[in-house]
Amino acid sequence: MTQRWKEIDTYVKEWLKEAGQKIQQSFSKELLIQTKSNPNDLVTNMDKEIEQFFISKINETFPEHHILGEEGYGEELESEEGTIWIIDPIDGTMNFVHQQRNFAISIGIFENGVGQAGYIYDVIHNELYHALKGQGAFMNDIQLPKLEPVPVEQAIISLNATWVTENRRIDPSVLSPLVRKVRGTRSYGSAAIELAYVAAGRLDGYITLRLAPWDFAAGKVLIEEVGGVMTDLEGKPLEILEKSSVFVSKPTLHDEIFRTYLEGKWNK
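Residues numbered from 1 in each chain as written. Predicted model: local features only at pLDDT ≥ 70, side-chain atom pairs only at ≥ 80, totals over all residues. Heavy atoms only, no water.

- In the annotation of an unreviewed UniProt entry, the protein chain is listed under the name inositol-phosphate phosphatase and assigned to Priestia megaterium.
- Looking at the protein chain in UniProt, the text filed under Cofactor (unreviewed entry) is "Mg(2+)".
- You can read under Catalytic activity (unreviewed entry) in the UniProt record for the protein chain the words "a myo-inositol phosphate + H2O = myo-inositol + phosphate". (UniProt positions renumbered as here; feature names shortened; annotations may be inferred.)

If you want it as structure tokens, here you go:
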């Protein structure tokens, strides 16, 4: 690991701690809530404030770097060239508003299209999942072990109930047999939390039909460091500047689920 990435890592961890304190303090204040594209797509004053906080810190410290952020304060990027910070200030805004838990700050840093650093900070539980390429993944100071194989019958899969009921993206009959086969399903309402949990072995896999880069960028770095597999539902690699379906799991489980339940059965 170069001195440059050590320096970046130190800054990010400091900024995450500061951002986490801002979020904690917001619980005692009135929250301003707006909707984005539909009534269930929420954005709060804290989403905006936290994103602007990170952007100002990055611009000040690393002015040559690029930033892609969920709330639109970053840049319009068409190329993966250079160093790109991909930020979700509060992933799981609906949980943040309704539960004050099950949300996270997510930051993935890519260089020329390759994930170099990933951070998912569960503010409420003070759990920071972090990884630098080639250095392993950690939860706080605990190194996460490499993911071990598990058969489908013993797997806990994170899957939103939307995808096994009538919806616009997938025939419910595609994933229903998988739901019946696995040991159990979960849904946390935050892609960042779900990806962190797969990396930590708390979940064996996660399937979703549509995520933006800021939802999966940090998790991609974490997953790769523990030997997990992350593709879209067609088995293709994820493009870091494109929205995509996402299927992530332990290695042999990924192959088994893909071949048995997904291959050739999903049309965008």
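Having seen it, we continue.
1. Digging into the overall build of the protein chain
Logical step 1: Counting its regular elements, the protein chain contains 7 helices and 14 strands.
Logical step 2: Computed over C-alpha atoms, the radius of gyration of the protein chain comes to 18 Å, within 12% of the 18 Å expected from 2.2 N^0.38 for 268 residues, which places it in the range of a compact globule.
Logical step 3: Principal axes of the C-alpha set define a box for the protein chain whose edges measure 50 × 45 × 35 Å.
Logical step 4: For the protein chain, with 268 residues in total, the buried portion stands at 52%.
Logical step 5: Relative to all contacts within the protein chain whose residues are 6 or more apart in sequence, the contacts with residues 24 or more apart total 60%.
Logical step 6: For the protein chain, the accessible surface area stands at approximately 12500 Å², while carbon and sulfur atoms represent 44% of it. (Helix = DSSP H or I, 4+ residues; strand = E, 2+ residues; numbered from the N terminus. Rg over C-alpha atoms; globule rule 2.2 N^0.38 Å. Buried < 20%, exposed > 50% of the residue type's maximum accessible area, 1.4 Å probe, protein only. Contact = heavy atoms within 4.5 Å. Areas by Shrake-Rupley, 256 points an atom, 1.4 Å probe, with all protein chains shown as cover.)

2. Examining the UniProt feature "binding site: Mg(2+) 2" (unreviewed entry) in the protein chain
Logical step 1: On the UniProt side, "binding site: Mg(2+) 2" (unreviewed entry) is annotated at positions that read Ile 90 here.
Logical step 2: Mapped onto the elements, Ile 90 comes out in strand E4 (residues 83-91).
Logical step 3: Each residue touching Ile 90, except ones within four places of it in the same chain, is listed here: Ile 23, Met 46, Asp 47, Glu 70, Phe 96, Phe 103 and Ala 104.

3. Some points on the packing of helix H1 (residues 3-26) against helix H2 (residues 45-61)
Logical step 1: Where H1 contacts H2, the axes come no closer than 11 Å and their chain directions differ by 155°. In terms of axis orientation, H1 runs roughly antiparallel to H2. Judged by the twist between their axes, the crossing of H1 over H2 is right-handed. Here H1 contributes Tyr 11, Trp 15, Leu 16, Glu 18, Ala 19, Lys 22, Ile 23 and Ser 26 to the contact with H2, which in turn contributes Met 46, Glu 49, Ile 50, Phe 53, Phe 54, Lys 57, Ile 58 and Thr 61.
Logical step 2: Classifying every residue of the contact of H1 with H2 gives 10 nonpolar, 2 polar and 4 charged. (Axes fitted to C-alpha atoms, helices over the stretch in contact; angles between N-to-C directions. Parallel < 35°, antiparallel > 145°, perpendicular 65-115°, else oblique. Left-handed = near helix turned anticlockwise from the far one by under 90°. Nonpolar A, V, L, I, M, F, W, Y, C, P; charged D, E, K, R; others polar.)

4. A word on the domain arrangement of the protein chain
Logical step 1: In terms of domains, the protein chain is made up of domain 1 (3-143) and domain 2 (152-262).
Logical step 2: For domain 1 versus domain 2, the distance between C-alpha centres works out to 21 Å.
Logical step 3: If you look at the interface, domain 1 gives 39 residues, while domain 2 gives 24 residues.
Logical step 4: Both faces considered, domain 1 and domain 2 share a buried interface measuring about 2400 Å² in area, 67% of it formed by carbon and sulfur atoms. (Domains from an automatic or database assignment. Buried area = accessible area lost by both parts, 1.4 Å probe.)

5. A short note on the sheet that holds strand E13 (residues 229-231)
Logical step 1: Pairing is mixed across the open sheet formed by 5 strands, whose spatial order is E11-E10-E12-E14-E13. Each having just a single partner strand, strand E11 (184-186) and E13 make up the two edges of the open sheet. Pairwise comparison of adjacent strand axes, ignoring direction, gives a mean angle of 20° for this sheet.
Logical step 2: Judged from the 5 bridges that link them, strand E12 (residues 205-211) and strand E14 (residues 244-249) form a sheet pairing that is antiparallel. What sits directly across from Ile 207, in E14, is Phe 247.
Logical step 3: Each of E12, E13 and E14 touches helix H6 (residues 213-225); the most contacted strand, E13, lies at about 155° to it.
Logical step 4: Against the sheet, helix H7 (residues 251-262) engages strand E10 (156-159), E12, E13 and E14, with an angle of about 130° to E14. (Pairing = 2+ DSSP bridges.)

6. Quick notes on the nonpolar core
Logical step 1: Within the largest apolar cluster, 39 residues are counted, with the highest numbers of intra-cluster contacts made by Ile 86, Ile 120, Tyr 129 and Met 230.
Logical step 2: Here this core gets 8 residues from one element, more than from any other, and that element is helix H5 (residues 191-199).
Logical step 3: Taken domain by domain, this core gets at least three of its residues from each of domain 1 (3-143) and domain 2 (152-262).
Logical step 4: Grouped together as the second largest cluster of nonpolar side chains are 30 residues, Leu 16, Ile 58, Phe 96 and Phe 103 included. (Core = buried A, V, L, I, M, F, W, Y, C linked by side-chain atoms within 4.5 Å.)

7. A look at the UniProt feature "binding site: Mg(2+) 1" (unreviewed entry) in the protein chain
Logical step 1: According to UniProt, the positions carrying the feature "binding site: Mg(2+) 1" (unreviewed entry) are Glu 70, Asp 88, Asp 91 and Asp 215. Spanning 146 residues, the named residues nonetheless gather at one spot, since no C-alpha pair among them exceeds 9.3 Å.
Logical step 2: Counting through the fold element by element, Glu 70 comes out in the loop between strand E3 (66-69) and E4.

8. As for the pattern of salt bridges
Logical step 1: The final tally for this structure, using the stated rule, is 8 salt bridges.
Logical step 2: Put simply, Glu 127 and Arg 202 hold a salt bridge, and the shortest N to O gap is 3.1 Å. Taken together, the positions of Glu 127 in strand E7 (residues 127-132) and Arg 202 in the loop between H5 and E12 put the pair 75 residues apart, joining distant regions of the chain.
Logical step 3: One salt bridge connects Lys 236 with Glu 234, and the closest N-O pair in it is separated by 3.6 Å.
Logical step 4: Note on Lys 236: relative accessible area 46%, which makes it partly exposed. (Salt bridge = Lys/Arg side-chain N within 4 Å of Asp/Glu carboxyl O.)

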